[in-house]
Protein chains: 2
Amino acid sequence: MNQYSILQSSAPMPGPKTPKTRKGLATKAKLLEAAEAEFGERGYHDGSIVEITRRAGVGLGTFYVYFESKEAIFRALVTHMGHETRTFIARQVEDAPDRLQAERAGMRAFFHFARAHKNLYRIVMESQFVAEDSYRAYYEAFAEGYRRNLEIAADKGEIRDGDSGIRAWSLIGLSVFLGMRYAVWDESTDLEAVVDAASDLIERGLIVGR
Amino acid sequence: MNQYSILQSSAPMPGPKTPKTRKGLATKAKLLEAAEAEFGERGYHDGSIVEITRRAGVGLGTFYVYFESKEAIFRALVTHMGHETRTFIARQVEDAPDRLQAERAGMRAFFHFARAHKNLYRIVMESQFVAEDSYRAYYEAFAEGYRRNLEIAADKGEIRDGDSGIRAWSLIGLSVFLGMRYAVWDESTDLEAVVDAASDLIERGLIVGR
DNA sequence: TGCAAAATTGAATATTGATTCATGTTTCAA
DNA sequence: TTGAAACATGAATCAATATTCAATTTTGCA
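Residues numbered from 1 in each chain as written. Chains lettered and ligands numbered in written order. Predicted model: local features only at pLDDT ≥ 70, side-chain atom pairs only at ≥ 80, totals over all residues. Heavy atoms only, no water.

Asks: Whenever I open this one, the side chain of A:Arg167 confuses me. Can you help?
Replies: Positionally, A:Arg167 belongs in helix α8 (residues 164–185). By relative accessible area, which is 2% here, A:Arg167 ends up buried. Looking at A:Arg167, its side chain comes within polar contact range of the main-chain oxygen of A:Asp161, at 3.0 Å. Apart from residues no more than four positions distant in its own chain, A:Arg167 is found in contact with A:Leu150, A:Ile159, A:Arg160, A:Asp161, A:Gly162, B:Asp200, B:Leu201 and B:Leu206. (Helix = DSSP H or I, 4+ residues; strand = E, 2+ residues; numbered from the N terminus. Buried < 20%, exposed > 50% of the residue type's maximum accessible area, 1.4 Å probe, protein only. Polar contact = N/O pair within 3.5 Å; in protein donor to acceptor, adjacent residues only side chain to side chain. Contact = heavy atoms within 4.5 Å.)

Here it is, written out as structure tokens:
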């Protein structure tokens, strides 16, 4: 029962082969796990199927029992990460008392998730060039949820009015870049300090105001 | 006398061959221009040298007279774009009366540049996976300049105090994502509206304050 | 003008790795 | 227990293309 519960999904996935037996399930999960490591470390183009199967401890041919192609498994990984990330962040945010607290919690969660899952993080980034539609879907799902939350908060009067769509993309970009710079590139940065500084910026802005 | 004046650079570039004649200069420039189109349209891995030379109207072998490898010309493009972008933005920003105006002008300039140079924009993004050091250098140069400007503005009291490094990366990420979403993906968005909404956010923040 | 350096060329080389497939093994519902 | 469906396998195929190189042409200085 590992993280790759995508497998259970009853929807008749486009992928040609959904495992029917216990063993099949296990093998597919091993392949996904191996692919995550391989693509995360070597990137999509340098990553090889043979190496994925070697890591998974199965024969080369087995790969094509579960995935149509190299690109197919890569897409599966991106979709998977989308769910994982959103779920994780939502969980960390759920009992924040208001939107500003939620922003902090969400940003903190994202940074920690990114640092703990550098491979998945890289895979999502790279999907922009391997499977652009997956990439867009990933961020559009993110942005839409974010937008809705901002909208609600504005209605409640917890934050100022403003274009929620643009704000959502702004805040996503901000977190992605801070995550890349301080959570992924720089292993040792104190993430709490980054959260504080960034929160200060998005809460109060640059203006010297009162 | 086109944009590729990198060529003139007197520094004895690592690249093995610096053209010595008028014709050589022209050929190298044609190759860079062709590579920009090819990589921009097909991406690094699907882009091919043969196709670059075809676009440039030269023989295949000619490529290796001017560039060590496929990766070398790609790197040259990234470096080139770094200069172009920073120069362009600096020019648009230079006579802003204060930092907040400069932020607006810089963001506007970036969006328009991105929309007008989608190929270069894509190449920079992709460099993260092809030549990560070029990618980092690109953004670090950006961030450092930005940081310095914020620092100066804070000293002058034009903006509130705060961590300028983190702010710089935040604002870059914000612009990069807005640029991707509204300038590159969506051809028809009114960029001025995006600048206004985003500026409102970074100037005044989310807080309902007075 | 003459010639050494610079530039041009594309066929041949060399490597790499995704995908196929025919055959053998394992699982599990009846 | 059993046999049809699922799984597993890796050698062979097939395609793609980056890079080299030896021969030829052009450029520009003395």
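Asks: Quick question: what am I supposed to make of the layout of surface pockets here?
Replies: Rolled over the atoms, a probe as big as a water molecule pinpoints where empty space is left. All names here are of chain B. Of the pockets and cavities examined, the largest pocket occupies roughly 530 Å³. Ile89, Val93, Phe142, Tyr146 and Asn149 are, among the 22 residues lining the largest pocket, the residues nearest its centre. Mapped by element, the contributors of at least two residues to the lining of the largest pocket are α4 (70–93), α5 (99–116), α7 (132–156) and α8 (164–185). Sorting elements by how many residues they give to the lining of the largest pocket places α5 first, with six residues. (1 Å grid on protein atoms, 1.4 Å probe; cavity = no way out; pocket = protein on both sides within 12 Å on 5 of 7 lines; lining within 4 Å. Points joined across faces, edges and corners; volume = space filled by probe spheres on them.)

Asks: Any chance you could explain the protein's contact with DNA strand D here in plain terms?
Replies: Contacts to DNA strand D come from 22 residues, most closely from A:Lys20, A:Thr27, A:Gly59, A:Tyr66 and B:Ile49. Among atoms of DNA strand D positioned within 4 Å of the protein, sugar and phosphate together represent 72%. At a separation of 2.9 Å, a phosphate oxygen of DNA strand D approaches a polar backbone atom of A:Thr21. The side chain of B:Tyr64 places a nitrogen or oxygen atom 2.9 Å from a phosphate oxygen of DNA strand D. Mapped by element, the contributors of at least two residues to the surface near DNA strand D are α1 (22–46) and α3 (63–66) of chain A together with α1 (22–46) of chain B. When the residues that make up the surface near DNA strand D are grouped by side-chain class, the tally is eight nonpolar, nine polar and five charged. (Near = heavy atom within 4 Å. Nonpolar A, V, L, I, M, F, W, Y, C, P; charged D, E, K, R; others polar.)

Asks: Would you mind showing me how to read the environment of A:Arg115 here?
Replies: All names here are of chain A. Residue placement: arginine 115 occurs in helix α5 (residues 99–116). For arginine 115 and serine 170, which are 55 residues apart along the polypeptide, the C-alpha to C-alpha distance reads 21 Å. Those residues in contact with arginine 115, other than ones at most four positions away along the chain, are Tyr182, Ala183, Asp186, Glu187, Ser188, Thr189 and Leu191. In terms of polar contacts, arginine 115 uses its side chain to reach the backbone carbonyl oxygen of aspartate 186, at 3.0 Å.

Asks: I keep staring at the confidence of the model for chain A and nothing clicks. Help me out?
Replies: Where the model shows low pLDDT, its predicted coordinates should not be examined in detail. For chain A, per-residue confidence averages 93 on the pLDDT scale, and residues scoring 70 or more make up 92% of the total. Counting contacts from residues 8–15 of chain A, a segment whose pLDDT is below 50, to residues more than four positions away or on other chains yields one contact. (pLDDT = per-residue confidence, 0-100.)

Asks: Which parts of the structure should I look at to understand the domain arrangement of chain A?
Replies: A common way to state how big an interface is: give the accessible area lost once the parts meet. Residues and elements named next belong to chain A. The domain boundaries assigned to chain A delineate domain 1 (18–67) and domain 2 (72–204). Spacing between the C-alpha centres of domain 1 and domain 2 amounts to 28 Å. Taken residue by residue, the interface counts 14 residues in domain 1 and 10 residues in domain 2. Between domain 1 and domain 2 the total buried area reaches about 1100 Å² when both faces are included, carbon and sulfur atoms providing 74% of it. Of all residues in domain 1, the largest losses of buried area upon contact with domain 2 belong to Glu36, Phe39 and Tyr44, amounting jointly to 46% of the total for that side. (Domains from an automatic or database assignment. Buried area = accessible area lost by both parts, 1.4 Å probe.)

Asks: Even after reading the chapter, I still don't get empty space enclosed by the protein, so can you show me in this structure?
Replies: Under the counting rule described, the total for this entry stands at four cavities of 30 Å³ or more. The calculated volume of the largest cavity comes to roughly 90 Å³. Every residue along the wall of the largest cavity is listed here: A:Met125, A:Gln128, A:Tyr135, A:Val176, A:Phe177, B:Met125, B:Gln128, B:Phe129, B:Tyr135, B:Val176, B:Phe177 and B:Met180. Within the residue set of the lining of the largest cavity, elements represented by two or more residues are α6 (118–130) and α8 of chain A together with α6 (118–130) and α8 of chain B. Across the lining of the largest cavity, the residue classes break down as 10 nonpolar, two polar and no charged.

Asks: Help me understand the interface of chain A and chain B, please; the structure alone is not making it clear to me.
Replies: With 48 residues of chain A in contact, the opposing surface of chain B contributes 48 residues. On the chain A side of the contact with chain B, A:Arg160, A:Trp185 and A:Leu206 bury the most area, a combined 19% of that side's loss. Between A:Arg167 and B:Asp200 there is a salt bridge, and its shortest N-O distance comes to 3.9 Å. Listing elements by their share of the side of chain A that touches chain B, those giving two or more residues are α5, α6, α7 (132–156), α8 and α9 (191–204) of chain A. When residues in the side of chain A that touches chain B are grouped by element, the largest group, 16 residues, is from α8(A). Classifying every residue of the side of chain A that touches chain B gives 26 nonpolar, seven polar and 15 charged. (Salt bridge = Lys/Arg side-chain N within 4 Å of Asp/Glu carboxyl O.)

Asks: Help me out: how do you make sense of the relation of the copies chain A and chain B in this one?
Replies: Here two copies of a chain appear, and what relates them is a rotation about an axis with a shift along it. For these two chains of identical sequence, chain A goes onto chain B by a turn of 180 degrees and a shift of 0.0 Å along the axis, with RMSD 0.0 Å. These values place the two chain copies in the arrangement generated by a two-fold rotation axis. The rotation axis passes nearest to the C-alpha of A:Gly205 in chain A, at a distance of 2.0 Å. Most of the interface of chain A is mirrored in chain B, where 100% of its interface residues again form contacts. (Least-squares fit on C-alpha atoms with pLDDT ≥ 70 in both.)

Asks: Where do I start with the packing of α5(A) against α9(A) in this structure?
Replies: Each pair of packed helices gets described by two things: the angle between the helix axes and the distance between those axes. Residues and elements named next belong to chain A. In the contact formed by α5 and α9, the axes pass within 10 Å of each other and the chain directions differ by 140 degrees. The angle between the axes of α5 and α9 places the two elements in the oblique class. The chirality of how α5 crosses α9 is right-handed. Across from Leu100, Glu103, Arg104, Met107, Arg108, Phe111, His112 and Arg115 in α5, the residues of α9 making contact are Leu191, Glu192, Val194, Val195, Asp196, Ala198, Ser199, Ile202 and Glu203. When the residues that make up the contact of α5 with α9 are grouped by side-chain class, the tally is eight nonpolar, two polar and seven charged. (Axes fitted to C-alpha atoms, helices over the stretch in contact; angles between N-to-C directions. Parallel < 35°, antiparallel > 145°, perpendicular 65-115°, else oblique. Left-handed = near helix turned anticlockwise from the far one by under 90°.)

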